[in-house]
Amino acid sequence: MVATPDIETAADRITTVIDRIREAVITDRQFLETVTTGLLARGHVLLEDVPGTGKTLTAIALADALGLEFNRIQFTPDLLPSDITGSQIYNEGTGEFRFQRGPVFANIVLADEINRAPPKTQSALLEAMDEGQVSVGGTTYELPEPFFVIATQNPIEQEGTFRLPEAQRDRFVVKTSIGYPDRSGEIELVTRRENRDTQMPSVDPVVDADQVTTLRQLPERVGIESDVKAYLVDLVRASREDDRVDVGVSPRGIQRFFEAARARAVIHGREYVTPDDIKTIAPPVMTHRLVLTSEAEIRDVDPTAIVDDLLDSVEVPAATAETG
C-alpha cells in the first residue's frame, strides 16, 4: 500500500511532473496545470485545438511522467463502439468466446478528434469515462485505475463532424487548449528539428500508477471557507441569469467546479481553496458548460467573454488570515 504524502510533498511531485513534460513539449505551465487539475479532480479533459499544436505529444509525455500506460484512439466516421471498448472473439479451438480488450483499456487514453465519430461511438467512450467500466456481451469489465481521458476536437474543420451534445460536454471537468507557442517557443521547436535524427523527446517517470491514484485522493483533504464556497456558487448562479446564456452551469457542474478548485489548491501545496483558485479555474470549467441563446450564437458571442464578465461582476470575498 502506497503511503499518502502530505499536500506540500504532493505539490513538489506534481511540479516535477510538469517540469518533465515541459522538457518534451513546448507549451506554457498554465496549460499543463489545467490538464493536471483535470487529472487530480478525477475527471477528464477536452482539448480544442487546431492540428499540429502538440496534443498527442503532451498526452504521451504526461503518461510517461506518471508511469502510466497510454493508448491513442483516432476517431473517424466509421469507428464503432466495439472498436473502443473491445468485443467477444470466438475461439474455434475451445469453442468459447474470449473478450478482446479495446484501446480504452489504458490509464491515459487520447481520444483524438472525438467529434469525427458518430454519437453512438462517442457515447461508448463517455459511458466508460463516467462509470470506469465497460459492458460487453452482458459482462462488465473494470477499466484500469487510474483512468484518464484526454479528448480533442478541431474547432476549424467542422464538415462531417458530430458536435458533442451539451450533456456530453458537461462530463469533461475542464476544456482548454494548447494554442500556438510564443516566438521563442517556435524558435526552440525549429532548433529541435535541425537535426533530422532527433527522436521524439522521452520523459522519465516521476511516479507510478499507485502513486497517481494516491495523489488523486488528496483533493478530498482540501477545505474551503464558507464565503469562498458561496463565491463559487454565486458565479455559477450568475451564469444562469446572463441574458446571453440559455442554459448555465448545472448542479453537476458546480460539483466539478468545486473538485477542480480543490485540485488546483493541491497543485499549489495548499490545504484550502482561495478565491484565486476559483477565478483561475473558472474559464476552463465553465466555458464549455454554457449553452448560448440563439441571438448570442448569431452575434458570435464568445463564451469565454461571458465568463470574464461574470468574474468582473460577482463580488470576490475579502481575504482572510487563512486564505490571504
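Quick note: structure is the one above.
First, a word on what this report is: a plain description of the structure on this page. All values derive from a computational prediction rather than experimental measurement.

1. A look at the pairing of strand β8 (residues 148–153)
Two faces, one strand: in a regular strand the side chains alternate between the faces of the sheet.
Consideration 1: Among the six residues of β8, six are classified as buried, and the element is accordingly described as predominantly covered.
Consideration 2: By the alternation rule, side chains of β8 split into F148, I150 and T152 and V149, A151 and Q153, which are all buried.
Consideration 3: Relative to β8, strand β5 (residues 108–112) is paired through four bridges, and the arrangement is parallel. The residue bridging A111 from the neighbouring strand is A151, located in β8.

2. Points about the sheet that holds strand β9 (residues 174–176)
Consideration 1: With respect to topology, five strands assemble into an open sheet ordered β2-β5-β8-β1-β9, the strand pairing being parallel. At either end of the open sheet lies a strand with only one pairing partner, and these are β2 (70–74) and β9. The sheet shows a mean angle of 20 degrees between the axes of neighbouring strands, direction not considered.
Consideration 2: Note that strand β1 (residues 45–48) and β9 share three bridges and pair parallel. In the strand pairing of β9, L47 is matched with T176.
Consideration 3: The sheet strands contacting helix α3 (residues 55–65) are β1, β2, β5 and β8, and the helix crosses β5 at an angle near 175 degrees.

3. Remarks on helix α9 (residues 226–241)
Consideration 1: Counted at 1.5 Å a residue, the expected span for α9 with its 16 residues is 22 Å, and the 23 Å between its end C-alpha atoms agrees.
Consideration 2: Within the sequence span of α9, burial applies to V228, Y231, L232, L235, V236, A238 and S239. Around the axis of α9, the buried residues are gathered within 160 degrees of arc, so they sit on the same side. Residues S226 and E241 are exposed on α9 and point more than 90 degrees away from its buried face.
Consideration 3: Where α9 is buried, its residues contact β10 (245–247), α10 (251–267), α11 (275–286) and α13 (303–313).

4. Points about the side chain of D277
Consideration 1: Relative to the elements of secondary structure, D277 occurs in helix α11.
Consideration 2: Classification of D277 by relative accessible area gives buried; the value is 0%.
Consideration 3: Excluding its chain neighbours within four sequence positions, the residues that come into contact with D277 are A261, R264, A265, R270 and Y272.

5. Notes on the pattern of salt bridges
Oppositely charged side chains can form a pair if their charged atoms are brought close together.
Consideration 1: Counted by the stated rule, this structure contains 17 salt bridges.
Consideration 2: E48 is the salt-bridge partner of K175, the closest N and O atoms lying 3.4 Å from each other. Of this pair, K175 sits in strand β9 while E48 is found in strand β1, placing the two residues 127 residues apart along the sequence.
Consideration 3: Take E48: its relative accessible area is 25%, and that puts it in the partly exposed class.
Consideration 4: A salt bridge links E145 to R216, with the shortest nitrogen-to-oxygen separation between them at 3.9 Å. Placement of E145 in the loop between β7 (139–142) and β8 and of R216 in the loop between α8 (209–215) and α9 is noted, with a sequence separation of 71 residues between them.
Consideration 5: In the salt-bridge network here, residues are joined through shared partners; they are R264, R270, D276 and D277.

Reading the values: the criteria
- Residues numbered from 1 in each chain as written.
- Predicted model: local features only at pLDDT ≥ 70, side-chain atom pairs only at ≥ 80, totals over all residues.
- Heavy atoms only, no water.
- Buried < 20%, exposed > 50% of the residue type's maximum accessible area, 1.4 Å probe, protein only.
- Helix = DSSP H or I, 4+ residues; strand = E, 2+ residues; numbered from the N terminus.
- Pairing = 2+ DSSP bridges.
- Axes fitted to C-alpha atoms, helices over the stretch in contact; angles between N-to-C directions.
- Contact = heavy atoms within 4.5 Å.
- Expected span 1.5 Å × (residues − 1).
- Arc of directions from axis to C-beta.
- Salt bridge = Lys/Arg side-chain N within 4 Å of Asp/Glu carboxyl O.

Just geometry here; none of it tells us what the structure is for.
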